[in-house]
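Breakdown of the fold
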Amino acid sequence: MISKLKIIKNKNFLALSVNMIISIFSVIIMSLLFRSFSKTDAGTWFFFLSIQGLVDAFRTGFLNTATIKFYAGAEKKRAEAVLGSVWLIAIIITLIVVVISGVLYAFSSVINNDQLIVVAKWLGITFISSLPFTVPIWILMAEENYKKILWLRLVNNLSMLLIILCLIYLNKMTLTNMLILNIVTNCLTGVVCLFFKSFNLKTIFYCNKKTLLELYHFGKYTVSTSTSVLFFRISTTFVITFFLGPTALAVYNLPGRLMTIIEIPLGSSLGTGMSSMATALNKNDKNQFVYIFKKYAGLLTFAIIPIVLGVIVFADLAVYIIGGEKYVGSEAANILRIMVFFSLLFPIDRFNGVALDMLHLPKINFQKVLLMLCVHITGSFLGIYFFKSLYGIAFFGPLTIISGVLYGYYELKKRISYSLSEILVIGWQESKYVIAKAYSKISLR
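As a starting point, this report considers the structure included with it.

Remarks on helix H14 (residues 332-342)
All of the buried residues along H14 are Ala332, Ala333, Ile335, Leu336 and Val340. Buried residues of H14, seen end-on, are gathered within an arc of 160 degrees and therefore sit on one face of the element.

Here it is as structure tokens:
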């Protein structure tokens, strides 16, 4: 019983649980909305979500990594200055979005697009409602308090799911009610943050010009990196739609959706690894920082090998279950195999980026992402030109991740004791330790 409690309290287990909960609830809610909304309302809702996601990516990209880097493990006075500055910048960004949204809504009479009118009317207030729990989540990530994050995500997602089910039962599931519900659940999550005493809003009185400028100059590169990532999907969508048509895009997007199985453990490990690396650096323990970097990158590489092998073997079945019979026999399964095989490089690439950010080198990380974007776009065009099919894009696609790994390796090698072989050696040692520890616990039962 005690061993079970230790597992539940483990930060890596909790971080993984958070990502799994978000993914599971997202799928269920999306399925319910598709069945409840008309095609027009569904399209409008997901268009609104895409715009909301874009502005949220800007706020999060600007401040999330900065919060973890400068706050984790910092002394009290420094920590208060950082949190106060984070709150002030977050409020400023939020107010800018609110003003832009308000101006657009003021001119809604001359806007002929219904989707844009919905965005103009609801984006500002929705963005405000998400602020009271967004900043606390960044703080909790820096503190590695994933238990509270898990509760906040449960409150936000579970309350939305339950109210949606009630609205469907009462035959009141409309687009307007969904937009209101989105705000209500955000506010409810903010109230829970207040109950958890995770606000730290009073630290805004401790912010200072030096810390504000420090966060700004760091954040301007991390936000560029986060928003540049969006262009990976946009560029692929454009190239496939323009040259091969929307049907081909649907086929290509299916294996992309299935890659979530890799993104879930990767995303959870990035959060825990980032906070641990930041804490080590803020305590001036660079050796510990390097070890954590190598451990997480290597351990995660070996951890996803069984997943990769399973997807390669059962790719056709996975495509059939998610996409149905109309995708059987298409390029989807083989493209999934190619994608998942080269995902073995994802842990090293992602942690290269995290390490660069934590070493206060966000500009170089941004350059790495730009290089990958250029390779990605060029490869997509070359793949279409030479192969005239989706296989061309899939064939050149791995060059993107390879270029990122090599550039990250080149830049980090200048600054820390680092080699790809060391990552794999430490990762293998950690894997054996984790397996042996799990086996010993099972044997004791």
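That shown, we press on.
Some points on the packing of helix H9 (residues 246-258) against H14
Relative placement of two packed helices is described by the angle separating their axes and the distance separating the axes. At their nearest, the axes of H9 and H14 sit 9 Å apart, and the two run at 45 degrees to each other. When the interaxial angle is binned, H9 and H14 end up oblique. Between H9 and H14 the crossing geometry is right-handed. Touching Val251, Tyr252, Leu254, Pro255, Gly256 and Leu258 of H9 are Ala332, Ile335, Leu336 and Met339, all from H14. Counted by class, the contact of H9 with H14 contains nine nonpolar, one polar and no charged residues.

Some details on the environment of Gly73
Mapping Gly73 onto the fold places it in the loop between helix H3 (39-71) and helix H4 (76-106). On the accessibility criterion, Gly73 (36% relative accessible area) is partly exposed. A sequence separation of 216 residues divides Gly73 from Phe289, and the C-alpha atoms of the two residues are 12 Å apart. In this view, Gly73 contacts Thr279, Asn282 and Lys283; residues no more than four positions away in its chain are not counted.

Side note on the nonpolar core
Within the largest apolar cluster, 121 residues are counted, with the highest numbers of intra-cluster contacts made by Ile164, Met178, Met277, Phe289 and Phe293. A per-element tally of this core places helix H5 (residues 114-142) first, with 14 residues. Ignoring any residue separated from it by four or fewer positions in sequence, one finds Phe289 in contact with Met277, Ala280, Leu281, Ala355, Met358, Leu359 and Ile416.

The rules we used
- Residues numbered from 1 in each chain as written.
- Predicted model: local features only at pLDDT ≥ 70, side-chain atom pairs only at ≥ 80, totals over all residues.
- Heavy atoms only, no water.
- Buried < 20%, exposed > 50% of the residue type's maximum accessible area, 1.4 Å probe, protein only.
- Helix = DSSP H or I, 4+ residues; strand = E, 2+ residues; numbered from the N terminus.
- Arc of directions from axis to C-beta.
- Axes fitted to C-alpha atoms, helices over the stretch in contact; angles between N-to-C directions.
- Parallel < 35°, antiparallel > 145°, perpendicular 65-115°, else oblique.
- Left-handed = near helix turned anticlockwise from the far one by under 90°.
- Contact = heavy atoms within 4.5 Å.
- Nonpolar A, V, L, I, M, F, W, Y, C, P; charged D, E, K, R; others polar.
- Core = buried A, V, L, I, M, F, W, Y, C linked by side-chain atoms within 4.5 Å.

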